[in-house]
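Given next are the chains, with one letter for each unit.
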Amino acid sequence: MNSALEGIRIADFSQFWAGPYAVTLLTYMGAEAIKIESTKRHDGTRDISMTTGRRYAGLESSLPFAEICANRLNVALDITKPKGAELAKRIVQVSDIVVQNFTPGTMDRLGLGYEDLKEIKPDIIYLSSSAVGTTGPERNYRGFAPLFCNQSGASHITGYADGEPVTMGGKIDILSAMTSAFAILAALNHRQKTGEGQHIDVSSTESISALIGDVFMDYTMNARSQTRKGNRDNIMAPHNCYRCKGEDKWISIAISNDDEWRAFVDAIGNPEWAKDGRLSDAYSRKANEEELDRLISGWTINHTHYEAMEILQKAGVAAMPSFSSVELLSDPHFKARERAVELEHPVIGKITMLTPPWKLSETPARVSSPASLLGQHNSYVFGELLGMSQEEIKALAEEQVIY
Amino acid sequence: MADKALEGVKVLEYASFVTGPYCSKLLADLGAEVIKIERPGGGDEARCRGPFLNDIPHPERSGLFLYLNTNKLGITLDPETQTGKKIFLELLKWADILIEDKPPREMEGIGLTYDKLKEINPQLIMTSITPFGQFGPYQDYKAYNLNIPHGAGGGYLTPGGSPNAEREPLKGGGFFDDHIAGLSAATVTVIAFYHRIKTGSGQHVDVSKQEALMALNRTEITNYPNMDTIATRVVGSSALGRRPPPCQNGYVQIAALLDWHWVSFKEFMGNPRWAQDTKFDTLDGRSEYGNEMNDNIEEWTRGHTKEEIFHGLQGRGVPTAMICNAAEVMSSPQYEERGFFVEVEHPEMGKVVCPRGLGILSRTPWALEHPAPLLGQHNREVYTRLLGYTREDMVRMREAGVI
């Protein structure tokens, strides 16, 4: 079968989520990635979840690692040793893309910065992902997912109107990774036309700010710093999550115009309260939304969220349950679109993973294996790809350059 | 002038509001030539949504529309009329990529399915962005910005760290979630375009917003089959804290997960007596006694400003963030030095400031060539210069409501 990125190789020096998942997105489309770690400096996701504090036994039992670092080869190479850095350069020489997300300056100190690697591979596309970018007064500040979200402005606008800001977790890294993958692809298109590589400097924090552009526009245009408003919208009402029959079951309902409102009222059986003039147009509904929400909950609480969804969608009203993960996995739509796949991990055993989020007609996106074990592909990469002899590899292993 | 990564890529946008327009904006900002189709009369829905300059609603003064449509050409056209459809197909011959966000049934109804379109332009890449994708039981379901994150399982997990499930699950703030799906669509579109450069082959790309958002919570969604636990927004004791601790002038978040972070953090607090308890010395202890620890931390944070805590702890290498609102992000020296906010000269609004978006690409930087188009601003350029219609034709088409 066709792969869109067949023949593209990535030298992946990255760790945790923001760097690695960018690589994963490219491997979905057929790029070959080699993850470069060492026993001494292995990917932190093997040990600990930085968002929950959960720790994992040994180096090969972390489920997030198995998922986030899927689809790639793995070599154990100590790049802090000069001989290790030399070998890393040889991997880069046969690669198209470098991805790294160390604290800015780290790769330069190891002789593996963009300027160093450009010397040996002039058309390399080199992506540096960091908390706030490789330039600027705060470039050495440290951060991970929730912190990027906080600094970006997104936490401040997410949450209950009367509650604290919401600091989102790992998904923020995934968003930063999506931004990185997009930038790499754009650079790859440029290279295809011109033969030129380049350095890409992604700030995770900026990549989150980019997703709330209108919030900044409001500040520049009206000097207003928007704040939290739960599920609510500035003009639409109803626009909320309503409790349904069962434990912690909810349905989200959003109505944008009078036609949808009339369809909604019909679908729920034309209750007396819906005839109230105070709910007859969009403006009045918004003005009276506290009460409206209470009245709608009186209907939803007598239905399961699936029932409510079916009744309302049939009437052309936007209504979706707030699905739990377990519900999603058994949802008919999820299944029809083959959103999960079971794969075998050499240590963990069977792992269920989500499939890539895109359906392409000619070059399908695929996830074929969970993360590899540390050093699993040493002999392929050093032997076959770089053409080193068994003796050379053995000697370097004795020096603990290769593990 | 600097090179552009996507120079020469021709994109036709038949999309409205946030997700589709954000997808093609990302392409336009890197140099793709995007022709945006808006319906005659009202145009894109984002024109009717704020923020408006000085809070005065006006279709040419929406900050949301401006942010989402930079660097595009804008025309008015109604492909649902016979002549409109004919012109649409002429534009389609010109295009490399079509970005559309109409319900599958609607595109079928006006005869604009991928199978039909590829007869006219065999190399076409058609990216279809819909709430639930092109096939599956929910393919015709309606969903707004609210319904997607709930239908994707992310809402159920938000706000993380809730003490119980009494309150409703939440969406992301503003149009955060809609932008995410646009970023996902842009990424896969550039991949498909790269494939086309190499092979000449076009394809249909099916982007489901639900799936784009599901990918963010990929590790939580698979918790149940993999670990027999169900991810919820209710989180017990955690080293990271239940919520961002309040301080004198807002909120901070401190992620002292590693042991040396904890030591530095204690020192910075002046080694208070409670923190001397050895039960806090390990991550496991800090997780187990997380509530007690965080109560104490909160007492300390309340006595300080967020700036003191942020710069003080970051200076000691402890990952720390301030929760920033729009005003604070816009005055951040870090953002300032990296030029994240740029000035745009708009014919109706004058000078306004707008986020740059995207990481920094050294050789093909982000560039603002022109602000968002006025409604039908480029009709003449596109209809006469590109498609060869006369000015008289244009008058007749306008009278017929086609453009």
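Residues numbered from 1 in each chain as written. Chains lettered and ligands numbered in written order. Predicted model: local features only at pLDDT ≥ 70, side-chain atom pairs only at ≥ 80, totals over all residues. Heavy atoms only, no water.

Draft legend 1. Just the overall build of chain A, in detail. When helices and strands are tallied, chain A shows 17 helices and twelve strands. Structurally, chain A occupies a C-alpha span of about 85 × 50 × 45 Å along its principal axes. The 403 residues of chain A split such that 64% are buried. Relative to all contacts within chain A whose residues are 6 or more apart in sequence, the contacts with residues 24 or more apart total 67%. Put simply, chain A shows about 13,900 Å² of open surface, and 49% of that area lies on carbon and sulfur atoms. Within chain A, one finds 41 positive and 52 negative side-chain charges whose respective centroids are separated by 2 Å. (Helix = DSSP H or I, 4+ residues; strand = E, 2+ residues; numbered from the N terminus. Buried < 20%, exposed > 50% of the residue type's maximum accessible area, 1.4 Å probe, protein only. Contact = heavy atoms within 4.5 Å. Areas by Shrake-Rupley, 256 points an atom, 1.4 Å probe, with all protein chains shown as cover. Lys, Arg positive; Asp, Glu negative; His and termini not counted. Charge placed at Lys NZ, Arg CZ, Asp CG, Glu CD.)

Draft legend 2. Spotlight on the overall build of chain B. Assigned secondary structure in chain B consists of 18 helices and twelve strands. Projected onto its principal axes, the C-alpha positions of chain B cover 85 × 50 × 45 Å. The burial tally for chain B puts 62% of its 403 residues in the buried class. Here the analysis covers contacts within chain B between residues at least 6 apart in sequence; of these, 71% occur between residues at least 24 apart. For chain B, the accessible surface area stands at approximately 14,600 Å², while carbon and sulfur atoms represent 48% of it. Both charge centroids of chain B, one from 42 positive and one from 52 negative side chains, sit 3 Å from each other.

Draft legend 3. A look at the sheet that holds strand S7 (residues 239–243) of chain A. Residue and element names in this part refer to chain A. One open sheet holds the three strands; their spatial order is S7-S8-S9, and the pairing between them is antiparallel. Two strands bound the open sheet, and with one partner strand each, they are S7 and strand S9 (318–321). Adjacent strand axes in the sheet meet at a mean angle of 20° when their direction is disregarded. Taken together, the five bridges between S7 and strand S8 (residues 250–254) define a ladder with antiparallel strand orientation. Residue Asn240 lies in a different strand from S8, and its bridge partner there is Ile253. (Pairing = 2+ DSSP bridges. Axes fitted to C-alpha atoms, helices over the stretch in contact; angles between N-to-C directions.)

Draft legend 4. Layout of unusual backbone geometry. All names here are of chain B. Note the cis peptide between Gly50 and Pro51, where omega equals 0°. Mapped onto the fold, Pro51 is located in the loop between strand S2 (33–38) and helix H2 (63–68). Cis rather than trans, the peptide bond between Thr158 and Pro159 has omega equal to 0°. The topology assignment puts Pro159 in the loop between helix H6 (147–151) and helix H7 (176–199). Phi is positive for Asn71, close to 65°, though the residue is something other than glycine. Tracing the chain through its elements places Asn71 in the loop between H2 and strand S3 (72–76). By relative accessible area, Asn71 is classed as buried at 6%.

Draft legend 5. Region of the structure containing the environment of Asp55(B). With respect to the helices and strands, Asp55(B) occurs in the loop between S2 and H2. In this structure the C-alpha to C-alpha distance between Asp55(B) and Gly202(B), which are 147 residues apart in sequence, comes to 44 Å. Non-local contacts of Asp55(B), meaning those with residues more than four positions away in its chain, are made with Asn222(A) and Arg224(A).

Draft legend 6. Geometry of the sheet that holds strand S8 (residues 250–254) of chain B. Reading across from one edge, S7-S8-S9 (chain B) is the order of the three strands in this open sheet, with antiparallel pairing throughout. Among the strands making up the open sheet, the edge pair consists of strand S7 (246–247) and strand S9 (320–322) of chain B. Where helix H6 (residues 145–152) of chain A meets the sheet, its contacts fall on S8 and S9 of chain B, and the angle it forms with S9(B) comes to roughly 25°. Lying on the sheet, helix H14 (residues 306–315) of chain B is in contact with S7, S8 and S9 of chain B; it crosses S9(B) at an angle near 155°.

Draft legend 7. Structural context of the interface of chain B and chain A. Taken together, the contact pairs 144 residues of chain B with 153 residues of chain A. For the pair chain B and chain A, the summed buried surface comes to about 13,100 Å²; carbon and sulfur atoms form 62% of the total. Three residues stand out in chain B for area buried against chain A, namely Phe176(B), Tyr194(B) and Arg218(B), and they jointly supply 6% of the buried area on that side. Where chain B packs against chain A, one counts 14 salt bridges. For the salt bridge of Arg243(B) with Glu164(A), the shortest nitrogen-to-oxygen distance reads 2.7 Å. Across the contact surface, chain B and chain A share 76 residue pairs in polar contact (both at pLDDT 80 or more). A class-by-class count of the residues in the side of chain B that touches chain A yields 78 nonpolar, 43 polar and 23 charged. (Buried area = accessible area lost by both parts, 1.4 Å probe. Salt bridge = Lys/Arg side-chain N within 4 Å of Asp/Glu carboxyl O. Polar contact = N/O pair within 3.5 Å; in protein donor to acceptor, adjacent residues only side chain to side chain. Nonpolar A, V, L, I, M, F, W, Y, C, P; charged D, E, K, R; others polar.)

Draft legend 8. Geometry of the pattern of salt bridges. Residues and elements named next belong to chain A. Scanning the entire structure with this criterion turns up 63 salt bridges over all chains. With a closest N to O distance of 2.9 Å, Asp43 and Lys35 form a salt bridge. Residue classification places Asp43 among the buried residues on the basis of a relative accessible area of 1%. Between Lys81 and Asp78 there is a salt bridge whose closest N-O contact spans 3.4 Å. In this structure Lys81 comes out as partly exposed when scored by relative accessible area, which is 24%. Here Asp78 falls in the buried class, since its relative accessible area comes to 0%. Shared partners join several salt bridges into a network, and the residues in it are Arg232, Lys286, Glu289, Glu290 and Asp293.

Draft legend 9. A look at the domain arrangement of chain A. Domain annotation of chain A identifies domain 1 (9–211 + 357–398) and domain 2 (249–323). Between the C-alpha centres of domain 1 of chain A and domain 2 of chain A the distance comes to 45 Å. (Domains from an automatic or database assignment.)

Draft legend 10. Seen up close, H7(B). Residues and elements named next belong to chain B. The end-to-end C-alpha distance of H7 is 35 Å, a good match for the 34 Å that 24 residues give at a rise of 1.5 Å each. Across the 24 residues of H7, 21 count as buried, placing the element largely inside the fold. Just downstream of H7, Gly200 is the residue with a positive phi angle, here 80°. (Expected span 1.5 Å × (residues − 1).)

Draft legend 11. A look at the environment of Pro244(B). Assignment of secondary structure puts Pro244(B) in the loop between helix H10 (223–227) and S7. Ignoring any residue separated from it by four or fewer positions in sequence, one finds Pro244(B) in contact with Glu164(A), Pro165(A), Thr167(A), Tyr251(B), Val252(B) and Ile323(B).

Draft legend 12. Spotlight on the pairing of S8(A). Residues and elements named next belong to chain A. Of all five residues in S8, five are buried, a share of seventy percent or more. The loop that links S7 with its antiparallel partner S8 comprises six residues; one of these, Gly246, has a positive phi angle of about 110°. For S8 and S9, the ladder comprises four bridges, and the chain directions are antiparallel. If you follow Ala254 over to S9, its bridge partner there is Ala318.

Draft legend 13. Seen up close, the state of the cysteines. If you walk through the whole model with that rule in mind, you get zero disulfides over all chains. Here Cys244(A) is not disulfide-linked; the sulfur of Cys241(A) is the nearest cysteine sulfur, at 8.7 Å. (Disulfide = S-S within 2.5 Å.)

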